[in-house]
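Chains, contacts and geometry: an overview
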Amino acid sequence: MNINVTILGIETSCDDTSIAISENNILLSNVIANQDIHKKYGGVVPELASRSHQTNIIPVLKEALYLAKKDIKEIDAIAFTLGPGLLGSLLVGTSFAKGLSIALNKPLIEINHIQGHVLSHYVVEPAKEKELPPFPHLCLLISGGHTQLITVNSPYEMYIIGTTIDDAAGEAFDKGAKMLKFDYPGGPIIDNIARNGNAYKFNFPKPNVKGLDFSFSGIKTSLLYFIRDNLKNNANFIEENLYDICASYQRVIAEILVEKAVLAVKQTGINTITLSGGVSANSEIRKQFLFLKEKNINVFLPEIKFTTDNAAMIAVAGFYKYLKSAFCNLNVSPYAKFNLL
Ligand code: KG4
Ligand code: ZN
């Protein structure tokens, strides 16, 4: 491909401030500033998130340029997350991107955060060989805010074929973790504790949702009642069974996801599944999906560092849009709810 393009990617949709730089779609840097401030509140506090983005975004940009060995003037286009996400957070990244676009006189590319997650599999790092998922494929996007099955025909054409009717998979983890008195985000904590547990000690009911849609509010509530009922008989029930509770709860969430993904393969005839989003870092989910290879389903697991929010995936989505000159105007405004694809 005879093109020389350097993309700056900006991601501020939730509580991670991230900026990445790619050259001809090879990732040169991907800097992420996490916001620990939300831990003690048990969830992301939108106003604190916006303020932290304001504090972090300039140092993150400087570090991204430094690591990429690039001068800001070498940037050819600015790709940024326009939505969905927290409005106040999105406004910081969007305004920053617009300011850079005017100052550098370079085009702006708006990116849908969900498409970014889907395309995270196409992040390529220098001197690293990696097999890229073929098109079409199915993507199971599992994050703190979304649980979606998506047919991905190309970097430009994606269709949602299944979604959650209530909570996202990440919420099942985070809210379940809260019941067990863990900090936010609880998903990684459950994952770690579950490593020492018996995943078949307890059972939780699976939702009965037709088709390719998901539901996670039922399993969350059943964990609540399960804890409440057992505490009545034994005040130390949680402490004595923590490993097994986490392992069993996590195992059932993974099974729900696998069963729907297999149904999607059957219904669409598309035999390749990719996982993306923060929850795809979960070790039990990864293990259960890898088993599908034995059923002749191609499975692509994302590298852990590209599962949670990052700007590398935004730079990839930006690169593909750049190839089509799909630029946006300076008057675009962020959207909180999912309204693209
Ligand atoms: O994609 P992401 O960074 O942000 C959203 O766009 O929502 O996903 C964050 C979610 C949180 O719910 C977090 O608990 C979950 O990903 N998560 C995990 C793990 N690592 C992150 N859930 C289960 N197991 C993990 N290892
Ligand atoms: Zn995300």
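Quick summary incoming for the structure in this document. Everything numeric here is computed off the predicted structure, so don't read it as measured data.

1. Quick word on the sheet that holds strand S8 (residues 158-163)
- Taking strand neighbours across the sheet as the criterion, the 5 strands line up as S8-S7-S6-S9-S10 in an open arrangement whose pairing is mixed. Each end of this open sheet is capped by a strand with a single partner; those strands are S8 and strand S10 (298-300). Strand-to-strand twist in this sheet, taken as the mean axis angle between neighbours without regard to direction, amounts to 25°.
- Across 6 bridges, strand S6 (residues 137-142) lies against strand S7 (residues 147-152) in antiparallel orientation. Residue pairing in the sheet places Ile142 in a bridge with Thr147 of S7.

2. A look at the coordination of the zinc ion (ligand 2)
- Donor atoms from the polypeptide that coordinate the zinc ion (ligand 2) comprise His113 (NE2), His117 (NE2) and Asp309 (OD), at 2.0 to 2.1 Å from the metal.
- Coordination geometry of the zinc ion (ligand 2): the 4 donor atoms subtend angles of 92 to 143° at the metal centre, consistent with an arrangement described as irregular.
- Coordination of the zinc ion (ligand 2) draws on donor residues from a single chain, spaced H-x3-H-x191-D in sequence. Of this pair, His117 sits in helix H3 (residues 113-119) while Asp309 sits in the loop between S10 and helix H9 (312-323), and the two are 192 residues apart along the sequence. Of the two residues examined, His117 and Asp309, each falls in the buried class.

3. Observations regarding the packing of aromatic side chains
- For the structure shown, the criterion picks out 10 aromatic pairs.
- Ring plane angle 75° and centroid distance 5.2 Å describe the contact between Phe204 and Phe226, whose orientation is recorded as edge-to-face. Within this pair, whereas Phe204 is found in the loop between helix H5 (187-194) and helix H6 (217-233), its partner Phe226 is found in helix H6, the two being separated by 22 residues in sequence.
- Judged by relative accessible area, which is 4%, Phe204 ranks as buried.
- Geometrically, the ring pair formed by Phe204 and Tyr249 is edge-to-face, given 5.7 Å between the ring centres and 85° between the ring planes. Taken together, the residues span a long stretch of sequence, with Phe204 in the loop between H5 and H6 and Tyr249 in helix H7 (residues 237-268) at a distance of 45 residues.

4. Describing the pattern of salt bridges
- Using the criterion set out here, one finds 18 salt bridges in the structure.
- In this structure, Lys70 engages Glu23 in a salt bridge whose closest nitrogen and oxygen atoms are separated by 3.3 Å. With Lys70 in the loop between helix H1 (46-68) and strand S4 (77-83) and Glu23 in strand S2 (residues 16-23), this residue pair connects regions lying 47 residues apart in the sequence.
- With a shortest N-O distance of 2.7 Å, Asp167 and Lys220 are connected by a salt bridge. Residue Asp167 is located in the loop between S8 and helix H4 (169-179), and its partner Lys220 is located in helix H6; the two are separated by 53 residues in the primary sequence.
- Looking at Asp167, the relative accessible area reads 9%, which means it is buried.
- Judged by its relative accessible area of 16%, Lys220 falls in the buried class.
- Salt bridges here are not isolated pairs; linked through shared partners, they connect Glu125, Lys128, Lys130, Glu303 and Lys305.

Reading guide: rules and limits
Starting from 1, residues in each chain are numbered consecutively following that chain's sequence as written. Chains and ligands are labelled sequentially in the order written, the chains with letters from A and the ligands with numbers from 1. Confidence filtering applies because this is a predicted model: local features only for residues at pLDDT of at least 70, side-chain atom pairs given and counted only at 80 or more, and all residues used for totals across whole chains, interfaces and linings. Each side-chain value is derived from all of the structure's non-hydrogen atoms; neither hydrogens nor water enter the calculation. Strands qualify as paired when DSSP identifies two bridges or more between them. Only DSSP runs of H or I reaching four residues or more are called helices, and only runs of E reaching two or more are called strands; each is numbered from the N terminus. To obtain each axis, a line is fitted to C-alpha atoms, and for helices this fit is confined to the stretch in contact; angles are then taken between N-to-C directions over 0 to 180 degrees. Water is not among the atoms examined, so metal sites may look incomplete; donors are the N, O and S atoms within 2.8 Å of the metal, or within 3.2 Å for Na, K and Ca. Geometry assignment treats four donors as tetrahedral when all angles are between 85 and 135 degrees, treats four as square planar and six as octahedral when opposite donors are over 155 degrees apart and all others between 65 and 115, and treats everything else as irregular. Throughout this description, buried means an accessible area under 20% of the type-specific maximum (1.4 Å probe, protein chains only), exposed means over 50%, and partly exposed covers the range between. Think of it this way: a Phe, Tyr or Trp ring, Trp meaning its six-membered ring, pairs with another when their centres are within 6.5 Å, and the plane angle makes it stacked under 30 degrees, edge-to-face over 60, tilted otherwise. Salt bridge, as used here, is a side-chain nitrogen of Lys or Arg placed within 4 Å of a carboxyl oxygen of Asp or Glu.

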